[in-house]
Amino acid sequence: MLWLKNVHLVDPGQGISDKASLLIKDGKVAKLCRGEKQLTEEEVLMTLGVSELKDVKQVDGEGKFLFPGLVDAHVHFREPGQEDKEDINSGSRAAVRGGFTSVLAMANTQPVIDTRALVEFVRLQGERAGLARVYPVAAVTKGFQGRELTEMVDLQKGGAVAFSDDGLGIQSAETMRLALEYAKLTGCPLISHCEDTSLAGQGVMRKGEASARLGLKGIPASAESVMVARDALLAGETGGKIHIAHVSTKESVWVIRAAKKLGIDISAEVNPHHLLLTDEDVQLTNSSYKVNPPLPSREDQEVLLEGLLDGTLDMLATDHAPHTWEEKMRPFAEAPFGINGLETALAALWQELVLKDKIKPEKLIELWSLNPAKRFALQGGTLKAGSPADMVLFDPEWQERVTAESLESKAQNTPFLEKELQGFPIMVWVGGKLVMKNRKIVEKQ
Ligand SMILES: [Zn+2]
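Residues numbered from 1 in each chain as written. Predicted model: local features only at pLDDT ≥ 70, side-chain atom pairs only at ≥ 80, totals over all residues.

Re the overall build of the chain
Scanning the chain for helices and strands turns up 14 helices and 19 strands. Over its C-alpha trace the chain gives a radius of gyration of 21 Å, about what one expects of a compact globule, namely 22 Å for 445 residues. Across its three principal axes, the chain shows a C-alpha extent of roughly 70 × 45 × 45 Å. By the burial criterion, 56% of the 445 residues in the chain qualify as buried. (Helix = DSSP H or I, 4+ residues; strand = E, 2+ residues; numbered from the N terminus. Rg over C-alpha atoms; globule rule 2.2 N^0.38 Å. Buried ≥ 20, exposed ≤ 12 C-beta atoms within 10 Å, placed from the backbone.)

Considering helix α13 (residues 345-354)
Burial of α13 is extensive: eight of the 10 residues sit out of reach of the surface. Residues Ala345, Leu346, Ala347, Ala348, Leu349, Trp350, Gln351 and Leu353 constitute the buried set of α13. For α13, the elements touching its buried residues are β6 (70-75), α10 (272-276), α14 (361-375) and β17 (420-430). (Contact = placed C-beta atoms within 7 Å.)

Observations regarding helix α8 (residues 222-238)
With 17 residues, α8 should cover 24 Å at 1.5 Å per step; its first-to-last C-alpha distance of 24 Å lies within 8% of that length. Those residues of α8 lying buried are Ala223, Glu224, Ser225, Met227, Val228, Asp231, Ala232, Leu234 and Ala235. Trailing α8 by a residue or two, Gly239 shows a phi angle of about 80 degrees, which is positive. (Expected span 1.5 Å × (residues − 1).)

Things to note about the packing of helix α5 (residues 173-183) against α8
At a closest axis distance of 9 Å, the pairing of α5 and α8 adopts a crossing angle of 40 degrees. When the axes of α5 and α8 are compared, the pair comes out oblique. Every pair of crossing elements has a handedness; the one defined by α5 and α8 is right-handed. Here Ala173, Met176, Arg177, Leu180 and Glu181 of α5 come into contact with α8, specifically with Arg230, Asp231, Leu234, Ala235 and Thr238. In terms of residue class, the contact of α5 with α8 is built from five nonpolar, one polar and four charged. (Axes fitted to C-alpha atoms, helices over the stretch in contact; angles between N-to-C directions. Parallel < 35°, antiparallel > 145°, perpendicular 65-115°, else oblique. Left-handed = near helix turned anticlockwise from the far one by under 90°. Nonpolar A, V, L, I, M, F, W, Y, C, P; charged D, E, K, R; others polar.)

What about the domain arrangement of the chain?
When its domains are assigned, the chain resolves into domain 1 (2-66 + 386-441) and domain 2 (67-375). In this structure, domain 1 and domain 2 have C-alpha centres spaced 27 Å apart. Contacts between the two partners involve 34 residues from domain 1, matched on the other side by 45 residues from domain 2. Within the residue set of the side of domain 1 that touches domain 2, elements represented by two or more residues are β1 (2-11), β5 (65-68), β16 (391-401), β17 and β18 (433-437). The leading source of residues in the side of domain 1 that touches domain 2 is β17, at seven residues. For the side of domain 1 that touches domain 2, the per-class residue count stands at 21 nonpolar, eight polar and five charged. (Domains from an automatic or database assignment.)

Side note on the environment of Glu127
As for its placement among the helices and strands, Glu127 is situated in helix α3 (residues 116-129). When the 13 C-beta atoms within 10 Å are taken as the criterion, Glu127 is described as partly exposed. Note: C-alpha distance between Glu127 and Ser92 (35 residues apart in sequence) is 9.9 Å.

Observations regarding the environment of Asp154
Relative to the elements of secondary structure, Asp154 occurs in helix α4 (residues 152-157). Sequence-wise, Asp154 and Gly307 are 153 residues apart; in three dimensions their C-alpha atoms are separated by 35 Å.

Here we look at unusual backbone geometry
That bond from Glu79 to Pro80 is cis: its omega, 10 degrees, falls within 30 degrees of zero. Mapped onto the secondary structure, Pro80 falls in the loop between β6 and α2 (88-97). Geometrically, the link from Gln110 to Pro111 is a cis peptide bond, its omega value of 0 degrees lying close to zero. If you trace the backbone, Pro111 turns up in the loop between β7 (100-105) and α3. A positive phi is found at Asn6, a non-glycine position, where the angle reads about 60 degrees. Taking the number of C-beta atoms within 10 Å as the measure of exposure, Asn6 has 16 and is therefore partly exposed.

As structure tokens, this is what we get:
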């Protein structure tokens, strides 16, 4: 039982950004009191059903924000098969350290998550870790071959909340059309990694002046946006639900805006690195800047932010993609794509967007908690009475240098390594259970 006092609660689901106190009982929010009015001891004892205050844990959150736990619709936890990069336990530790209480784990593991037994395995490993809620995303096509569809209804029964061949774009439009049609039986969105491989070719960064200067093969923006247009039209025709992963080009934003105007059931996410870094930042000697889709142009970046602010783009997601040091030490052109994001994402956006007044804290939390919870029909996303107590106590003043030793993830492939960031979660609860305190995981007894 917990009495959380004097926090600044930001809960867009209830339209609250105000001083508040909360009482937590049986893993849920039992009572919420907003404004300057304080709960009396009597109210606390009565609501929690205890006779003495010593049975209630009290936390004073003066000067801190309280957010509903963040929901990350896009992580790669690499288990089964590539546990040297990350596993569900280490990924879950990284998640809660970063303020994420729910994550959607992508299916591009080895083997890929295309059977019910594998979906259940991911879900159970998440439960075993006992930290963030780990929701499996199952494959769209068997073995990620892009041809034969998986048994989506069965996979959903095993716990899948969405379907995606993320890591690869589904090249056949007919396969995508059938998948959208079939996924309607589950009510779950299809998450599309939009990448036309005939356009992307062997590119390693965004095609443009920067790629020409560095002498690296470029990926044209169209490699993404033509597939966004295709998938939007297919969703419109079938009436299926589509979610566009990692939007990184202005043309994609324009297409999604038009699709929404037409009433197509489309949603989309943006990754922090696409909002904070551009192709101009790419360093030949540091493959932590190598990511797919690649870092955008400055112009794209402005349109991405505009799209988030006007509601064209629905949510933020990390696309947390851990790789081993050995792999990332290879020359830029040969290193794998991916940025490790869970533990730096919130702080980096806070520092660069919130503190610079480009986005309000209320909007940030809407994009990173309420909207993804709604789109994927998950619990959480708000702290209204009766909701699970998935919560983040956030210290806007907390400064920290990101170091290899400090990260709970097995991997360190982040462009923020050795950088000082400001604004971090300091306490995180999942279902009322304290899982992170003062930047450290609360270990199981
Ligand atoms: Zn992807």
